[in-house]
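What follows is each chain in one-letter form.
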Amino acid sequence: MQPVVTGTAGGFRNWWDTTREWIGRGAPRQPAEPRIGLALGGGFARGIAHVGVLRVLERNHIPIHYIAGVSSGSLVASAFAAGSNSSEIELVARSMKFRDVAKWTISRMGIAGSDPMIPFLNRLLKADTFERMRIPLAVVATDLGTGKPVVFRDVGDVIAPIRASCSFPGLYMPLRYQNRYLVDGFVSMEVPAHPLRRMGATHIIAVNIPNPVSCTDPANIFSVVDRCFQVMSARLEPEWRRYANVVITPDVADIGWDSFMSASKLIELGEKAALSALPSIRKWLPGQVSAAAPVRGTASLQPAAN
């Protein structure tokens, strides 16, 4: 048995050591290096622009410690978190068609089902649960009953949350999952920056897929619903922006929501927007990333000449 140190000096040292240890345990410690989160917003086919953003971040060695996605952004975020690189995701994006993610049906709650997403996601993803992801992932859907976002992360199946996050109201039927009716995460959270803060990110890159500034006369019920969400998202934008340190906005507003055939152009515009934001991101990593000229991405699988 060790003797107890007594006396004024020994007592003071014991008290101070104990107090310092207690403070050290209780106080949150600032990470030695920034923990970067990447938030990918929705945009249906226009979300292919996310691939260009990923390519620029990869080739310039920007580390991504956490990633979150909503709607089409959840597809890209999940593939990247599971271990696919931008070129592998691009191969899928270039061959992607509407029938890969939707099937026309007759229902009182929508005109398309998301069942085709199951085999599509099984081909796309290298991991199908949150705990197997190489990068911590969050997928955001919306609870139709409460109107609030539902953030899926950490454990459990990832395919159902992605289907829910992509279930655009009026087009897709809501997905019944975990005793909730879930619809597109875009309805409650246009860009999922806030969940990344809760996961531990100290710096957040938000990728916003912009909507058209104006539109022509609506041609069908879907264009009416789509335009309503565009108006709504403009009003909600300040909410997610306050959590973002850098916002990347690819110039894709004039490209159609279902323009899967425009994959090359979308990727190119994503790269261009990411390159513009790169100097601001590099300031977070002065010891890791050189100040050399940025490495440009390319919409093909071959490295582009600088």
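As a reminder, the structure under discussion sits directly above these lines.
Below you will find a few notes about this structure. (Residues numbered from 1 in each chain as written. Predicted model: local features only at pLDDT ≥ 70, side-chain atom pairs only at ≥ 80, totals over all residues. Heavy atoms only, no water.)

1. Quick notes on the packing of aromatic side chains
Okay, step 1: Under the defined criterion, the tally for this structure stands at three aromatic pairs.
Okay, step 2: Plain terms: the ring middles of Phe44 and Phe98 are 6.3 Å apart, the flat faces sit at 35° to each other, and that makes the pair tilted. You can see Phe44 sitting in the loop between strand S1 (36-40) and helix H2 (49-59) and its partner Phe98 sitting in the loop between helix H4 (86-95) and strand S3 (103-107), a full 54 residues away along the chain.
Okay, step 3: By relative accessible area, Phe44 is classed as buried at 18%.
Okay, step 4: A centroid spacing of 5.8 Å and a plane angle of 50° characterise the contact between Phe152 and Tyr177, whose relative ring orientation is tilted. Taken together, the residues span a long stretch of sequence, with Phe152 in strand S6 (residues 149-153) and Tyr177 in strand S7 (residues 175-177) at a distance of 25 residues. (Phe/Tyr/Trp six-rings, centres within 6.5 Å; stacked < 30°, edge-to-face > 60°. Helix = DSSP H or I, 4+ residues; strand = E, 2+ residues; numbered from the N terminus. Buried < 20%, exposed > 50% of the residue type's maximum accessible area, 1.4 Å probe, protein only.)

2. As for unusual backbone geometry
Okay, step 1: Positive phi values are uncommon outside glycine, yet Ser71 reaches one of about 55°.
Okay, step 2: Mapped onto the secondary structure, Ser71 falls in the loop between strand S2 (66-70) and helix H3 (72-81).
Okay, step 3: Looking at Ser71, the relative accessible area reads 5%, which means it is buried.
Okay, step 4: The phi torsion at Asn179 lies on the positive side, around 65°, for a residue other than glycine.
Okay, step 5: Relative to the helices and strands, Asn179 is located in the loop between S7 and strand S8 (180-184).

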